[in-house]
Amino acid sequence: MEFLLALRRRGIGDAAVLHAMDEVPRERFVEAGERSAAYADQALPIACGQTISQPYVVAYMTEQLALRPHHRVLEVGTGSGYQAAVLSRLAREVVSIERYRTLAEAARARLAALGYDNVEIVVGDGLAGVPSRAPFDRILVTAAATTVPQELVDQLADDGVMVLPLGPSGGPQHIIKLTKSQTGLAREELIAVRFVPLLAGQAREL
Ligand code: SAH
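My aim in this report is to walk through the structure given alongside it, one point at a time.

Basis of the calculations
- Residues numbered from 1 in each chain as written.
- Predicted model: local features only at pLDDT ≥ 70, side-chain atom pairs only at ≥ 80, totals over all residues.
- Heavy atoms only, no water.
- Near = heavy atom within 4 Å.
- Polar contact = N/O pair within 3.5 Å; in protein donor to acceptor, adjacent residues only side chain to side chain.
- Areas by Shrake-Rupley, 256 points an atom, 1.4 Å probe, with all protein chains shown as cover.
- 1 Å grid on protein atoms, 1.4 Å probe; cavity = no way out; pocket = protein on both sides within 12 Å on 5 of 7 lines; lining within 4 Å.
- Sits in = over half its atoms within 2 Å of the grid points.
- Helix = DSSP H or I, 4+ residues; strand = E, 2+ residues; numbered from the N terminus.
- Nonpolar A, V, L, I, M, F, W, Y, C, P; charged D, E, K, R; others polar.
- Buried < 20%, exposed > 50% of the residue type's maximum accessible area, 1.4 Å probe, protein only.
- Arc of directions from axis to C-beta.
- Contact = heavy atoms within 4.5 Å.
- Core = buried A, V, L, I, M, F, W, Y, C linked by side-chain atoms within 4.5 Å.
- Expected span 1.5 Å × (residues − 1).

For the rest of this paragraph, the subject is the site of the ligand. Near the ligand there are 26 residues, and of these Glu75, Ser80, Glu98, Gly126 and Leu199 occur at the shortest range. Take Glu98: an N or O atom from its side chain is 2.7 Å from an oxygen atom of the ligand. Thr142 has a polar side-chain atom sitting 3.1 Å from a nitrogen atom of the ligand. For the ligand, the protein covers 99% of the area, taking 580 Å² as the surface of the free molecule. Counting atoms within 2 Å of the grid points, the majority share of the ligand lands in the largest pocket. Elements represented by at least two residues in the shell around the ligand include exactly strand 2 (51-52), helix 4 (82-88) and strand 4 (93-98). Here the shell around the ligand is composed, by residue class, of 11 nonpolar, 11 polar and four charged.

This paragraph deals with helix 2 (residues 15-23). Among the residues making up helix 2, those that are buried are Val17, Leu18, Ala20 and Met21. Down the axis of helix 2, the smallest arc covering the buried residues is 160°, so these residues share one side. Facing away from the buried side of helix 2 by more than 90 degrees, the exposed set consists of Ala15 and His19. Residues of helix 2 that are buried make contact with helix 1 (2-9), helix 3 (55-65) and helix 4.

Turning next to unusual backbone geometry. Note on backbone geometry: most residues besides glycine have negative phi, and most peptide bonds are trans. The omega torsion of the bond from Ala134 to Pro135 falls at 0°, within 30 degrees of zero and hence cis. Looking at the element boundaries, Pro135 is found in the loop between strand 5 (119-123) and strand 6 (136-141). Within the chain, Cys48 stands out as a residue other than glycine whose phi angle is a positive 65°. Taking relative accessible area as the criterion, Cys48 reaches 18% and is therefore assigned buried. Of note, Asp159 is a non-glycine position whose phi angle comes to about 70°, a positive value. Tracing the chain through its elements places Asp159 in strand 7 (residues 156-166). Given a relative accessible area of 58%, Asp159 falls into the exposed group.

Attention shifts here to the nonpolar core. Among the nonpolar cores identified, the biggest contains 52 residues, and Leu7, Ile12, Met21, Met61, Tyr82 and Ile175 are the most heavily contacted of them. Of all elements in the fold, only helix 1, helix 2, helix 3, helix 4, helix 5 (101-113), strand 5, strand 7 and strand 9 (184-193) reach the threshold of two or more residues within this core. Not counting the four nearest positions on each side in its chain, Met61 is found in contact with Gln83, Leu140, Val141, Thr142, Val163, Ile175 and Phe195. Counting 19 residues, the second largest nonpolar core, distinct from the first, contains Val130, Leu152, Leu156 and Leu198.

Turning our eyes to something else, we now look at helix 5. The end-to-end C-alpha distance of helix 5 is 18 Å, a good match for the 18 Å that 13 residues give at a rise of 1.5 Å each. Every buried residue of helix 5 is accounted for by Leu103, Ala104, Ala107, Arg110 and Leu111. Buried residues in helix 5, looked at end-on, bunch into an arc of 130°, giving them a common side. Summarising the geometry of helix 5, the exposed residues directed more than 90 degrees from the buried face are Ala112 and Ala113. Buried residues in helix 5 make contact with helix 4, strand 4 and strand 5. Looking one or two places after helix 5, you find Gly115, whose phi comes out positive at around 80°.

And the structure:
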C-alpha cells in the first residue's frame, strides 16, 4: 500500500509501528471534507484550530518511543485521537489528555466506534500530566513546549522515555527524546518539526 511504502521510504523500519499505522483508519480521524487527503503524508486541520499530525511524524515519534506490549503510555494533546489510536495498538494502556472538551469528546467517540477500548481520554491541562494515573512507562507530547514540563518528567517511570517537540511557536522546533535513569535524564535531539503550541490551562470554551 502506498501509505506504508511512503513511511518506509522515509525511514520507518519498525514492523510493529508499520503494522499499527496500517491498521488504524486515518480517514476516520479527519474532517469529512478532508477524507480524500487522509492518506497523503501531510498534517490536516481538525476542530478548535488544531491539526492532526502528518503520518510520518506520528510514525516517527511512535517508533522513537520503543513501545512494548506491557507499557502504560501518557499522550498529551489528544486532538483527533489518531495518535492515541496508533499507540493503543502497541501498548497495554493509553491515557490521553486534551484541553478542548469538544476534541476530547469527538476523539472518545471515534475510538469507541473502532473498539479501541484501552484508551482513556481526560479533559484538562496536560502540562500537569495525569498524576492519579502515574507513573507512565512512556510519555508522548504532541504539541510544542518551549521548556521540558517538569511535572511530566516527574510522572515518568524509571527507565521511562518521553518524546516531545520542543521550541517556540512557529519557530525552529525539534523532537527531543528524554530517557530517565538513576543517573538522571539523557537528552537526544532528533528531527526538525512544526507543531501547534502546548498551551497552559484547560481551554475556557469548547
Ligand atoms: N495527537 C493529535 C494531534 C495533536 S495537535 C492527533 O493525533 O490528532 C495538539 C493538541 O494538543 C491540540 O488538540 C491541542 O488542543 C492540544 N493541547 C495543547 N496544549 C495542551 C495542554 N496544555 N493540555 C492538553 N492538550 C493540549
